[in-house]
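Read off the chains here:
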Amino acid sequence: MKQLVRTFLTIILVSIVLLSITNRLNQSQGFSGSNTLTVYNWGDYIDTDLINRFEKETGIKVIYETFDSNEAMMTKIEQGGTTYDVAVPSEYMIDKMIKENLLIPLDHSKLPNLKNIDERFLNLPFDPDNLYSIPYFWGTVGIVYNPEMLGGMEITSWNDLWDRKLRNEILLIDGAREVIGMGLNSLHYSLNDTNPKHLQEAKAKLDTLTPNIKAIVGDENKLLLANREAAIGITWSGDASEIMSENEDLDYVVPSEGSNLWFDNMVIPKTAKNIDGAHAFINFMLDAKVAAQNTEYVSYSTPNKAALEFMPEEMVNDERFYPAPELTDKLEVYENLGKRNLATYNELFLEFKMHRK
Ligand code: SPD
């Protein structure tokens, strides 16, 4: 009998030890359970105070990871291994993820704060009915520059960037669609062009911009421009807005040949382990005051109409960052061009980077 009790106790003890090791391993590898939530977002794209507040209010522990391009995010999600409960891709990648069956349909009854989103940002072609994605931030691609460092020069177009006076003055965003797109737009081609001849022409034109390029950078562009290390940055509008809030000499322009209008949305990837927690997090971020605080912190443009009344007027009324539909209607949204064409954009961008070395 004693032997039986001892064996029984040993089994219970071993089970407890195994359970706690599994739990710890799961946490360190970013696996979510009912009490944890893994969020995968762009760098510099949330007020971390809000994460703490969400944790306190819900008792859910957030594991927060960042990426710097849609392509990097997609590779990580496709590879599996790490389980993300919420991710924040842009429109063309959302289209791709839906087609590849990588997303979970959302339960709108768990997202009552969705009513706060401006209709203008709902039911967009990449996800009609918002079955899989909820607006987070939106913006344009453009040129932030310091006229004072350029002797008063005014920049209005992509083609202005090829001016010989701008030697070593330009910081380029580290994004394949953005840089190849800039080459295409400068030749008056579409940002979604897949004609190989046009793409080669764009790449050849970009190669001639090399003497004017100081560096190809990620989030550090803000520091470099604020510190006057360069006079010009090709950036997403929100980065420009953040830099400009610290230096009023700078200006931001959407080039006259055209540019990109983009939308970053929250999604729940298929591999999510905490689907209820993911809905709770998305709904929390949609709250008007939370969205206002987040927007003031990251400086990007919010699609949350109800948040606008809690934000400083000068921010909401700045047409450079809250352009009217008449302007945004003229811009192009990236389309999902398919695996082959997206790979071509990436290869051309890599070749362009190699050409600089
Ligand atoms: N530092 C945050 C950057 C987020 C930018 N997202 C823009 C995506 C455009 N395709």
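These lines cover the structure that appears in this document, whether it is placed above or below. None of these values were measured; they are calculated from a predicted model.

Focus: the packing of aromatic side chains
Each aromatic ring pair is described using two quantities: the centre-to-centre distance and the angle formed by the ring planes.
So, point 1. Scanning the model with the defined rule gives 19 aromatic pairs in all.
So, point 2. Centroid distance Y92 to Y334: 5.7 Å. Interplanar angle 85 degrees. Geometry classified as edge-to-face. Of this pair, Y92 sits in helix α4 (residues 91–99) while Y334 sits in the loop between α12 (325–328) and α13 (339–355); the two residues are 242 residues apart in sequence, bridging distant segments of the chain.
So, point 3. Between W138 and Y322 the ring centres are 6.2 Å apart and the planes differ by 80 degrees, which places this aromatic pair in the edge-to-face class. Placement of W138 in strand β4 (residues 134–145) and of Y322 in the loop between α11 (313–316) and α12 is noted, with a sequence separation of 184 residues between them. Across this residue pair, the class does not change: W138 and Y322 are buried.

Observations regarding the sheet that holds strand β2 (residues 61–67)
So, point 1. A sheet is described by the order of its strands in space; here three strands give the open sequence β2-β1-β3, paired in parallel fashion. One side of each edge strand has no neighbouring strand; the edge strands of this open sheet are β2 and β3 (86–87).
So, point 2. Packing of helix α2 (residues 48–58) onto the sheet brings it into contact with β1 (36–42) and β2, and relative to β2 it is tilted by some 155 degrees.
So, point 3. On top of the sheet, helix α9 (residues 275–286) reaches β1 and β3; it is set at about 50 degrees to β1, its chief contact.

Examining the site of the ligand
So, point 1. The full set of residues close to the ligand is W42, G43, D44, Y45, S90, E178, D219, W236, W262, D264 and Y300.
So, point 2. S90 has a polar side-chain atom sitting 3.4 Å from a nitrogen atom of the ligand.
So, point 3. Contact distances for the ligand include 2.7 Å between a nitrogen atom and a side-chain N or O atom of D264.
So, point 4. Look at the ligand: alone it shows 340 Å² of surface, and the protein chains cover 99% of it.
So, point 5. The residue makeup of the shell around the ligand, split by class, is five nonpolar, two polar and four charged.
So, point 6. Shared between two domains, the shell around the ligand takes at least three residues from each, and those domains are domain 2 (34–138 + 264–322) and domain 3 (139–261 + 329–356).

Observations regarding helix α5 (residues 176–186)
So, point 1. Within α5, 11 of the 11 residues are buried, leaving the element largely enclosed by the surrounding structure.
So, point 2. Every buried residue of α5 is listed here: A176, R177, E178, V179, I180, G181, M182, G183, L184, N185 and S186.
So, point 3. Next to the buried residues of α5 lie α4, β4, β5 (170–173), α6 (196–207), β7 (232–236) and α13.
So, point 4. Positioned one or two residues after α5, H188 has a phi angle of 65 degrees, which is positive.

Focus: the nonpolar core
So, point 1. Ranked by internal contacts, the top residues of the largest apolar core, which has 112 residues, are L161, I232 and I234.
So, point 2. The dominant element in this core, judged by the number of residues it contributes, is β4, at eight residues.
So, point 3. Here this core gathers at least three residues from each of two domains, domain 2 (34–138 + 264–322) and domain 3 (139–261 + 329–356).
So, point 4. Apart from residues no more than four positions distant in its own chain, L161 is found in contact with I143, I155, L166, I170, M182, L209, N212, I232 and I234.

Focus: the pattern of salt bridges
So, point 1. In the structure shown here, the tally under the stated rule is 15 salt bridges.
So, point 2. Note that K99 is salt-bridged to D95, the shortest N-O span being 2.7 Å. Placement of both K99 and D95 in helix α4 is noted, with a separation of four residues, approximately one turn of the helix.
So, point 3. One salt bridge in this structure joins E148 and R228, with 2.9 Å as the shortest N-O distance. Linking E148 in the loop between β4 and β5 with R228 in the loop between α7 (221–226) and β7, this pair joins segments that are 80 residues apart in sequence.

Considering unusual backbone geometry
So, point 1. Although it is not a glycine, N123 adopts a positive phi angle of roughly 55 degrees.
So, point 2. Tracing the backbone through its elements, the reader meets N123 in the loop between α4 and β4.
So, point 3. The class of N123 is partly exposed, set by a relative accessible area of 48%.
So, point 4. Although it is not a glycine, D129 sits at a positive phi angle of roughly 75 degrees.
So, point 5. The residue D129 is located in the loop between α4 and β4 in this model.

Remarks on α4
So, point 1. For α4, the tally of buried residues reaches seven of nine residues, placing the bulk of the element in the interior.
So, point 2. Taken as a whole, α4 has its buried residues at E91, Y92, M93, I94, D95, K96 and M97.
So, point 3. Those residues of α4 hidden inside the fold are in contact with α3 (70–79), α5, β9 (261–266) and α13.
So, point 4. Two residues or fewer after α4 comes N101, characterised by a positive phi angle close to 60 degrees.

What counts and how
Residues numbered from 1 in each chain as written. Predicted model: local features only at pLDDT ≥ 70, side-chain atom pairs only at ≥ 80, totals over all residues. Heavy atoms only, no water. Phe/Tyr/Trp six-rings, centres within 6.5 Å; stacked < 30°, edge-to-face > 60°. Helix = DSSP H or I, 4+ residues; strand = E, 2+ residues; numbered from the N terminus. Buried < 20%, exposed > 50% of the residue type's maximum accessible area, 1.4 Å probe, protein only. Pairing = 2+ DSSP bridges. Contact = heavy atoms within 4.5 Å. Axes fitted to C-alpha atoms, helices over the stretch in contact; angles between N-to-C directions. Near = heavy atom within 4 Å. Polar contact = N/O pair within 3.5 Å; in protein donor to acceptor, adjacent residues only side chain to side chain. Areas by Shrake-Rupley, 256 points an atom, 1.4 Å probe, with all protein chains shown as cover. Nonpolar A, V, L, I, M, F, W, Y, C, P; charged D, E, K, R; others polar. Domains from an automatic or database assignment. Core = buried A, V, L, I, M, F, W, Y, C linked by side-chain atoms within 4.5 Å. Salt bridge = Lys/Arg side-chain N within 4 Å of Asp/Glu carboxyl O.

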